Each structure stands twice: as structure tokens, then as C-alpha cells.
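These are the residues of each chain, in order.
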Amino acid sequence: MEKELNAESLEVKLPVNKAITSMRPTATLKQLKSKRRIVALRGNKDQFTEVMDMLCSLRRRFVQSQTLLVLVPTDGSTKEEWGWDDKQMGDSLWLADATNIGQFLDYFQELLGSDEGVSNEDDLAWFALNFKGRSIASGLGEAPKILELMGQQLQPMELIDDTDAAVVPADMPVANEILECQNKFYNVLTSTGDLEAMKAIFTDGKMQEVNEVIGAGGRIDGWVECLKPDARPANMVIADQDIFVSSPTLAYSTCVEFPPNAGIDGATLLASQRWVRETAIDEWKLELHQTIPWAAGTRAGGTLRCDCRGCVALTSSQEKRTFGGLIG
């Protein structure tokens with residue numbers, strides 16, 4: 001409790017809609033209670049460069065969950081040095097700046113401490129606060145699994161409808177290519193169930209995110225099983241698609257899934273896809289697909305990860321099926 005109280009004095013410069021004003025007000029975390037959730041990361045240039053794609057790909061979801069992200073560099077590096085793209089990021093209404101970096105760094109040390117004689121000041125570190133200003137998660141040495149954190153602690157506060165259109169800039173042809181690829185993937189998943197078509201969508205790579213689950217004893221359901229009529233999420237609708245293009249050969253897509261049996265309680269899921277290609281003239285291929293329950297007032301009981309082999313489920317329930325009532 002004492003550490004949470006100490007966090008209240010930390011001050012940030014808030015993002016604003018630049019079309020309205022360029023003046024960015026400041027606020028302490030205490031003043032942001034009941035208004036914003038907070039996720040703060042401490043790291044150097046290399047560490048922030050490594051996590052920037054993950055964070056930017058979920059920028060729309062930070063806004064929808066009323067979460068502010070605060071990046072606190074230990075080496076004086078800037079967001080431009082981390083690979084920031086102003087054209088895609090726009091007003092960045094999810095990103096706040098620490099007004100006193102030293103104060104934030106001191107708080108990180110107080111929060112995480114260190115073993116006697118061993119410093120952790122060079123390690124990536126993070127913490128998250130809820131609307132009440134209470135700590136809900138923290139970590140040291142590795143980046144937060146943001147998608148899982150979204151499902152468990154950073155649920156949407158905005159109403160998301162199954163008719164909400166994709167958010168894709170008209171002047172970014174590559175983003176529209178990714179949107180088309182995403183739609184093709186969901187058409188196979190929810191409608192045709194064509195196994196060969198699904199194989200053609202994916203790369204041949206076995207992703208670490210899936211490997212770690214299998215290595216821990218998890219079971220993988222191959223696509224031949226996942227696409228069976230009684231297993232795949234037939235008639236599921238996606239909406240509110242968003243695209244982030246990291247480079248000519250790497251891109252991300254997200255969307256909100258609306259299962260046909262979601263009902264009025266809004267049992268929606270947040271999905272993310274990672275797309276790659278060898279060169280700028282090759283076809284995009286899907287490396288990784290992930291989903292997690294994401295709805296106001298609920299906490300995710302598990303998550304789903306898929307690559308070219310099929311899908312693995314991490315869930316606290318006894319349900320073993322990969323799709324159709326898996327988690328939530």
C-alpha cells in the first residue's frame with residue numbers, strides 16, 4: 001500500500017487531440033484515478049525497440065480500455081530512436097510522457113528492489129495500475145504479455161459493436177493488403193473450413209509462442225481438427241479491425257471477434273495477428289494468431305495461440321476444445 005501511495009506523486013504529460021490543441025496538460029497519477037489505467041515500462045533504447053511493435057499494434061486497444069502507457073528510458077533515448085512512426089501513430093492518445101524521468105526511475109527501484117549486491121537497473125521492468133491506483137501486475141527482466149494483460153486487467157471501457165468498420169488509412173496500400181489477408185484468414189476459419197487454403201495463409205515457421213506451451217505439456221490441435229464443422233467458430237463476425245505496419249516485411253493486425261453465441265452480455269474476444277514476408281514484393285504470410293476474451297466486466301480465463309501447425313489453448317477451465325466455447 002505504501003508503494004502505491006508513493007506512485008500517486010508521479011507526474012505525466014497527457015496526450016491530446018492535436019487538431020484541437022497542442023497544449024499538453026500534466027497530471028499526477030493520483031489525479032488520474034478513476035479516469036485512466038496506467039502501464040509504465042522502464043528500459044533502454046534496445047529494450048524499447050524490441051517491444052515497440054507489440055505496443056503500437058495494440059494502440060487502439062489501449063485507448064478503448066482507457067489505459068495510458070508511460071515509457072521511461074534509462075539512457076535518455078527518444079521514441080524516434082525506438083522506431084516510432086508519427087504517420088501511423090497520429091495523436092497517440094494512449095501514450096503519456098513522464099515529466100520527471102528520474103522520479104519514475106527511483107520509483108521503479110523502490111517498487112522492484114534488488115538482491116543484495118545485484119543491481120537490476122539495466123533490466124526491463126514494468127508495472128500496471130487499475131482505475132483505483134492499485135497495482136495489478138508488475139514484472140522484471142521481460143516485457144509484459146500485453147494481450148494477456150488486456151484480457152485479464154485492461155478490458156474495454158468503450159462500447160464496441162459488431163458493425164464497427166476497420167480503421168485503415170486510405171493512403172497506406174500496405175495496410176489495406178494486410179486487411180485483405182486478415183479477411184481471407186477469417187473467411188477460411190469461420191466459413192469455408194478449407195484446410196489447404198489455411199495452410200497457404202500461414203508461413204511454415206513453428207512459433208516460439210506456441211512452442212513454449214507445447215514444451216510445458218500443452219496439447220496442440222492441428223488445423224485438420226480445428227477446421228471441422230463442430231470445432232471452428234462458424235458464423236463468427238469480426239469488427240473494428242486495426243493495422244500496424246512495422247516495416248515492408250512485418251505487420252500486425254487486430255480485431256474484435258463476436259462469436260454467434262455471444263449474446264447480450266457481449267462475450268467478445270480480442271484477436272491479434274502477425275504477418276511477414278521475405279521481400280516487399282512477396283505475398284504476406286501469417287506467422288501467429290492469438291485471441292483472448294476481452295469484454296467489460298469480465299476477466300479472461302485463458303488464451304489461444306495458433307501457428308502453421310494448429311492451435312494451443314491456455315485456459316483455467318476444463319474445456320479442451322480449441323474453438324467454440326473454449327475460454328471466456
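Above this text you will find the structure in question.
So, here is what we can say about the structure in this document.

How each quantity is defined
- Starting afresh in each chain, residues are numbered from 1 along the sequence in its written order.
- With the structure being a predicted model, the display of local features is reserved for residues of pLDDT at least 70 and the display and counting of side-chain atom pairs for 80 or more, all residues being used for whole-chain, interface and lining totals.
- Heavy atoms throughout the structure, all of them, feed into the side-chain values; hydrogens and water do not.
- The rule for a disulfide is simple: a pair of cysteine sulfur atoms within 2.5 Å.
- Throughout this description, buried means an accessible area under 20% of the type-specific maximum (1.4 Å probe, protein chains only), exposed means over 50%, and partly exposed covers the range between.
- Strands were regarded as paired on the criterion that DSSP finds at least two bridges between them.
- Elements are defined by DSSP. Helices are runs of H or I of four residues or more, strands are runs of E of two residues or more, and each kind is numbered from the N terminus.
- In this analysis an axis means a line fitted to C-alpha atoms, helices contributing only their contacting stretch, and an angle means the value between N-to-C directions, from 0 to 180 degrees.
- The contact definition used throughout considers only heavy atoms, calling two residues in contact when any of these lie within 4.5 Å.
- Counted as salt bridges are all cases of a side-chain nitrogen of Lys or Arg within 4 Å of a carboxyl oxygen of Asp or Glu.
- Polar contacts, as used here, are pairs of N or O atoms within 3.5 Å; protein pairs need one atom able to donate a hydrogen and one able to accept it. Residues neighboring in sequence count only if both atoms are side-chain atoms.
- One less than the residue count of a helix, multiplied by 1.5 Å, gives the span that helix is expected to have.
- Directions drawn from the helix axis to the C-beta atoms are what define this arc.

Here the focus is the state of the cysteines. On inspection of all chains with the given rule, the structure shows one disulfide. A sulfur-sulfur distance of 2.1 Å marks the disulfide that ties C306 to C311. Residues C306 and C311 are joined by a disulfide whose S-S torsion is about 105°; by sign, that bridge is right-handed. In this structure, C306 and C311 share a single accessibility class: buried.

So, on to the sheet that holds strand 1 (residues 11-13). Spatial ordering of the open sheet is given by 2-1-5-4-3-6-7, a layout of seven strands whose pairing is mixed. Edge positions in the sheet fall to strand 2 (26-28) and strand 7 (135-140), since each of these pairs with one other strand and no more. Averaged over all neighbouring strand pairs, the angle between strand axes comes to 25°, with direction disregarded. This element, helix 5 (residues 101-112), spans strand 1, strand 3 (37-43), strand 4 (67-73), strand 5 (95-98), strand 6 (125-129) and strand 7 of the sheet and lies at about 95° to strand 4.

A few words now on the pattern of salt bridges. Considering all chains together, one arrives at 14 salt bridges under this definition. Across the salt bridge formed by E148 and R305, the nearest N and O atoms sit 2.9 Å from each other. In this pair, E148 is assigned in helix 6 (residues 146-152) and R305 in strand 13 (residues 302-307), connecting sequence segments 157 residues apart. The exposure classification of E148 matches that of R305, with both residues buried. Overlapping salt bridges, with partners in common, bring together R60, R61 and D240 in one network.

This part takes up the side chain of S57. Examined against the element boundaries, S57 turns out to sit in helix 2 (residues 45-57). Within polar-contact distance, the side chain of S57 engages the backbone oxygen of M54 at 2.8 Å. Setting aside anything within four residues of it in sequence, one finds S57 in contact with D242, F244, Y252 and T254.

The first and last C-alpha atoms of helix 5 sit 17 Å apart over twelve residues, in line with the 16 Å expected at 1.5 Å per residue. Where helix 5 is concerned, the buried positions are F104, Y107, F108 and L111. Buried residues along helix 5 cover an arc of 105° about the axis, so they all sit on one side.

Taken in spatial order, the seven strands of this open sheet run 8-14-13-12-11-10-9, and their pairing is antiparallel. Bordering the open sheet on either side are strand 8 (220-222) and strand 9 (237-247), each of which pairs with just one other strand. Sheet twist, expressed as the mean angle between neighbouring strand axes with direction ignored, is 20°. As paired elements, strand 12 (residues 285-293) and strand 13 share three bridges and run antiparallel to each other.

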